[in-house]
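# Understanding the architecture of this molecule
Listed below are the residues making up each chain.
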Amino acid sequence: MRCKDKKISALKVIFIVKIPMRQEVKYVYFVPGLAADVSIFEYIKLPKDKFVTKTLPWKIPTKKETLEAYAKRMCEEITHTNCILIGVSFGGIMVQEMSKYVDAKLVIIVSSVKSRKELPKRMEFARKTGVYRLFPTRIISQIGDWEKLAIGNFAKKRAVMYQKYLSVKDRGYLDWAIEKIIQWEPKEVSSKLIHIHGNKDIVFPIKNIDNCILVEGGTHVMIINRARWFNEKLPEIIEDNLQ
């Protein structure tokens, strides 16, 4: 009896194994405000599995150094491409200048300005008259104990905070930085720029600020006293604006 060939189809079983993709770590560089030490970022804690953070302290400028040349020097500390720059107050101006010389995915400014029209009128007056040159930076640079100059408990607490965080008292730096803020004139606002601003900021009043993420009750020093807000919101802000 002839046997019939049996065609046996091999059953191909395909196992799909989902291998989690390695999450890209983002490198974030922080620049402090005018005369401020990098310790103003001591309470900022971003998720370590997603972000690597580094603070960039101020350098002492040369007497005739341009803002552009100084920004390039600050960029010497940046060792990663596609990084994120975050600057507070004058640091916000600085990271905008730095972004011209490094490959930054995103630039975030806090309690700062992104154009001349956002500067308060008193600064425009100071620019036109040159009165900013009379600012007593010599006295500030020589103050050893702010608390002794304060009257009242609130003032003393604020003075202690200034003593702790405003530690860059070199007169050359102060004169240079104040002039650069007053004279700053950006040509255009970067499309990669995110602006975070408090509605209680008395240095750069919110009435002059356009197109920002508003922090209710946020003051000019909110990077310190509203750190919890930044720890909660910054990761989300960064992720949303990198998509």
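The coordinates are above.
Residues numbered from 1 in each chain as written. Predicted model: local features only at pLDDT ≥ 70, side-chain atom pairs only at ≥ 80, totals over all residues. Heavy atoms only, no water.

## Remarks on the sheet that holds strand β6 (residues 213–215)
Threshold: The pairing criterion is simple: DSSP has to find at least two bridges between the two strands. Numbered from the N terminus, helices here are DSSP runs of H or I no shorter than four residues, and strands are runs of E no shorter than two. Angular values range over 0 to 180 degrees, each being the angle between N-to-C directions of two axes fitted as lines to C-alpha atoms, with helices fitted over their stretch in contact. Residues count as neighbours in contact if any of their non-hydrogen atoms are within 4.5 Å of one another.
With parallel pairing, the six strands of this open sheet are ordered in space as β2-β1-β3-β4-β5-β6. At either end of the open sheet lies a strand with only one pairing partner, and these are β2 (51–55) and β6. In this sheet, neighbouring strand axes are inclined to one another by 20° on average, regardless of whether the strands run parallel or antiparallel. As defined by bridge partners, strand β1 (residues 26–31) adjoins strand β3 (residues 83–88) across four bridges and the pair is classed as parallel. Residue pairing for β3: valine 31 is matched across the bridge by glycine 87. The strands touched by helix α8 (residues 227–242) are β1, β2, β3, β4 (104–110), β5 (193–198) and β6; relative to β4, the strand with the most contacts, the crossing angle is about 145°.

## Thoughts on the packing of aromatic side chains
Each pair of aromatic rings is reported with the distance of its centres and the angle of its planes. Using the following cut-off: A pair of Phe, Tyr and Trp rings is counted when the ring centres sit within 6.5 Å of each other, with Trp represented by its six-membered ring. The angle between the planes then sorts it: under 30 degrees is stacked, over 60 is edge-to-face, the rest tilted. Burial status follows relative accessibility: with a 1.4 Å probe on protein chains alone, a residue under 20% of its type maximum counts as buried, one over 50% as exposed, and anything between as partly exposed.
Throughout the structure, instances matching the rule amount to seven aromatic pairs. Geometrically, the ring pair formed by tryptophan 58 and tyrosine 173 is tilted, given 5.8 Å between the ring centres and 45° between the ring planes. In this pair, tryptophan 58 sits in the loop between β2 and α1 (67–75) while tyrosine 173 sits in helix α6 (residues 171–183), placing the two residues 115 residues apart along the sequence. Tryptophan 58 sits in the buried class, given a relative accessible area of 10%. A relative accessible area of 0% places tyrosine 173 in the buried class.

## Focus: the pairing of β5
The element β5 is extensively covered by neighbouring structure, given that six of its six residues are classed as buried. Residues of β5 alternate between two faces, with Leu193, His195 and His197 on one and Ile194, Ile196 and Gly198 on the opposite face, all of them buried. Both β4 and β5 contribute to a ladder of four bridges, which runs parallel. Bridging across to β5, valine 107 finds its partner in leucine 193. Examined bridge by bridge, β5 and β6 share three bridges and lie parallel to one another. Bridging across to β6, isoleucine 196 finds its partner in isoleucine 213.

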